[in-house]
Every structure is written in C-alpha cells, then in structure tokens.
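# Working through the structure, step by step
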Amino acid sequence: MGFGQIFRIERMRVDHPTLTQALRSRWDTEASAFAFPWGHMIPSLEDVSRITGLRVYGWAVSGYTYPCYHDLAERLLDLPVERRSFLVPRVALQESLGLYEVGKNAGESEDEYLARLARVSQRELASEPGPQADLDLRHFLVLFLGRLLFATRGDAVHCRFLPLLEDLGEVGGYAWGAAFLAHQLDSLSTSERQTSTNGFYPFLQVWAYLHLPALGRGDLIRPGFVPIARRWDSRRDTRHLVDQLERLQEAINSYPYQDVIWQPYLGEGDEGQPWL
C-alpha cells in the first residue's frame, strides 16, 4: 500500500503547538522557507522519507477535484454523500470501522486504550479477501488520508483521494510523500492568524528535533528505529503555553549557527527505504 513504514510509528506525544507556532513565526511565505537568523531552511523530500517512511517517488498524487462525489462514494464506500457535496461524514467512517463509540474506560492508560481500540477495529474488519475487505480498506484509507496524513480543518472528510483508491492494487505506487510535503508547505503558507499546521504533526516536530537539537524539545528514546519518527518523543513542559512560546521564539532567534545540523542523516542506511 505504500504506508507500511508510517503505520509502524507508535503513539507519539504531541509537542504542544508552541513548537509549531514558533516555527510558523519564522516562515517566509514569499520564499516558501523558514527564515532563521542564520539563513533559510526548508523541509525536503529526504526529510519526508527518512522521518515518515512515505514514498517520495512514483505516480503523482494528482487529478481533478469534483464538485460532487455522490455516485463514486456510493459505489466505492457504500456510504451516504449528499448530492453536490465532496465530504463524507467522519462519524459514518468511524462507525464502519468500529471506532466511534469505543470510549476510554476509567483508570485505563493511553496504551491500554489504544490496544483495545485496535482489537475492536480488527474485529470489525473483514479478514478474508473479497468485496467486504476492499470496502473496509477504502473506509480506513479515506479516514487515514483525510484526517491524518492530509488533514484539514473541519469535522468531515474530503473525498478528493477516492478516485485514487478505486484500484487498490495501485495505491502503493503513488508518491504519497511528495504530496505530503506539498500539503505541509501549503499549510505553512496559509493565514498567519492560524497557529497550527495541518497534516501529520510528528513530521515538523521531528524535523526540528533533528536540525535544531539545542532547543531541547525531543528525547531520542529508540535509537536506530525506522522511520526516524519512531525514535523520538517530546519532552514534557509544564510551563504556561504563552511562556513556552516566548521562550522558544527567543531560543530560535539566538540559536547558535554552529549547533544547526544541516545533514542529520549522515551514516543512516536505507533499510526499508530502497528509493533513498
């Protein structure tokens, strides 16, 4: 499917939006790059591949965005999409995967809750190849692409990737990593009033850990794991978010040039990522 590596990433704690906000404050929309005191930096395709494991070569993730996906969603998802609409209800997708009404129990840890959630979902998914398994897989991929990898604001899930999921045998041939990077850069270039970025949050988080380690925001807890996002966790910071943001912005503004890591992947192999 092309998502094997990114699916191996365990639960990762969000580094509060302060890190993203601090990075956004340095984003130069005209140059499409971060304008730091020591120069411009921009996430690359190698960063995407190393950090997330997504493919950065293959067929382009492109096509037409239709004003209405009613007939296509009815045929491929067997879910209701209103006429003249391009959105599929998130609740309907979650219900189809057994994820909607599985709440966290009292006294249950996050790891225990996620393990139970996975077991419930696996019971709902068809285990044998066939039309039902294809239907379940499309439900999952639409939710994964629309709400995690290419997330946008709002509750409903866009159907724009549905035409690419018609032939499930071809899904793994697309350059999802290249499309993901374009989505990240587009998100960074949106209104300055927006304080967070859309999409898969660990990417920029780990990108900052690798290139700006002296900020001290991440802990390397699993050396050698691939993709690289699996190696890191964010440090807990109990200070008020406003205080965190001010201190982060000050730290970036005075960040020593000699502590910038321009080539964080020296010595890395290509395990699981032969296209590198």
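Per an unreviewed UniProt entry, the recorded name for the protein is Aminotransferase-like plant mobile domain-containing protein, and the organism is Colocasia esculenta.

## Focus on the nonpolar core
Formed by 67 residues in total, the largest nonpolar core has its most connected members in Phe3, Phe36, Leu145, Leu149, Trp176 and Val206. It is helix H8 (residues 202-211) that contributes the most residues to this core, 7 residues altogether. Mapped onto the domain boundaries, this core takes at least three residues apiece from domain 1 (1-60 + 176-275) and domain 2 (62-173). The contacts of Phe36, once residues within four sequence positions are left out, are Leu23, Arg26, Met41, Trp207, Leu212 and Ile252.

## Regarding the side chain of Gln205
Positionally, Gln205 belongs in helix H8. The residues contacting Gln205, other than those within four sequence positions of it, are Met12, Arg13, Val14, Asp15, Leu19 and Ser234.

## Description of the packing of aromatic side chains
Under the counting rule described, the total for this entry stands at 21 aromatic pairs. Ring geometry for Trp27 and Phe34: centres 4.8 Å apart, planes at 80°, overall edge-to-face. The pair formed by Trp27 and Phe34 is uniform in burial state, with each residue classed as buried. Geometrically, the ring pair formed by Phe150 and Phe161 is tilted, given 4.8 Å between the ring centres and 35° between the ring planes. In this pair, Phe150 sits in the loop between helix H6 (131-149) and strand S5 (157-158) while Phe161 sits in the loop between S5 and helix H7 (176-188), placing the two residues 11 residues apart along the sequence. A single burial state applies to Phe150 and to Phe161, both of which are buried. Counting every residue linked through ring pairs, the aromatic cluster contains Phe3, Phe7, Trp59, Phe140, Phe144, Phe150, Phe161, Tyr174 and Trp176. Above the plane of the ring of Tyr57 lies Arg55, whose end atom (NZ or CZ) is 4.4 Å from the centre.

## Looking at the pairing of strand S2 (residues 33-36)
Where strand S1 (residues 27-28) meets S2, 2 bridges bridge the pair, whose relative direction is antiparallel. Bridged to Asp28 within S2 is Ala33. Counting the residues in the hairpin turn of S1 and S2 gives 4 residues, including Ser32, whose phi is positive at 50°. Here S2 pairs with strand S3 (residues 39-41) via 3 bridges, running antiparallel. Bridge assignment links Ala35 to a residue of S3, and that residue is His40. Hairpin remark: S2 followed by S3, antiparallel, with 2 residues in the connecting loop.

How each quantity is defined
By convention here, each chain's residues receive numbers from 1 onward along its written sequence. Local features in this predicted model are restricted to residues of pLDDT 70 or higher, and side-chain atom pairs are both shown and tallied only at a pLDDT of 80 or more, whereas totals for entire chains, interfaces and linings draw on every residue. The basis for every side-chain value is the complete set of heavy atoms in the structure, and neither hydrogens nor water enter the calculation. Working definition of a nonpolar core: buried Ala, Val, Leu, Ile, Met, Phe, Trp, Tyr and Cys residues. They are joined through side-chain atoms within 4.5 Å. Burial status follows relative accessibility: with a 1.4 Å probe on protein chains alone, a residue under 20% of its type maximum counts as buried, one over 50% as exposed, and anything between as partly exposed. Numbering of helices and strands runs from the N terminus, with a helix taken as a DSSP run of H or I at least four residues long and a strand as a DSSP run of E at least two residues long. How far each domain reaches was decided by an automatic or database domain assignment. Contact criterion: two residues are considered in contact whenever any of their non-hydrogen atoms come within 4.5 Å of each other. Between the rings of Phe, Tyr and Trp (Trp by its six-membered ring), a pair exists once the centres lie within 6.5 Å; its type follows the angle of the planes, with under 30 degrees stacked, over 60 edge-to-face, and the other angles tilted. Only Lys NZ and Arg CZ are tested; either one counts as a charge over a ring when it is within 6 Å of the ring centre and within 35 degrees of the ring normal. DSSP calls a pair of strands paired once it identifies at least 2 bridges connecting them.

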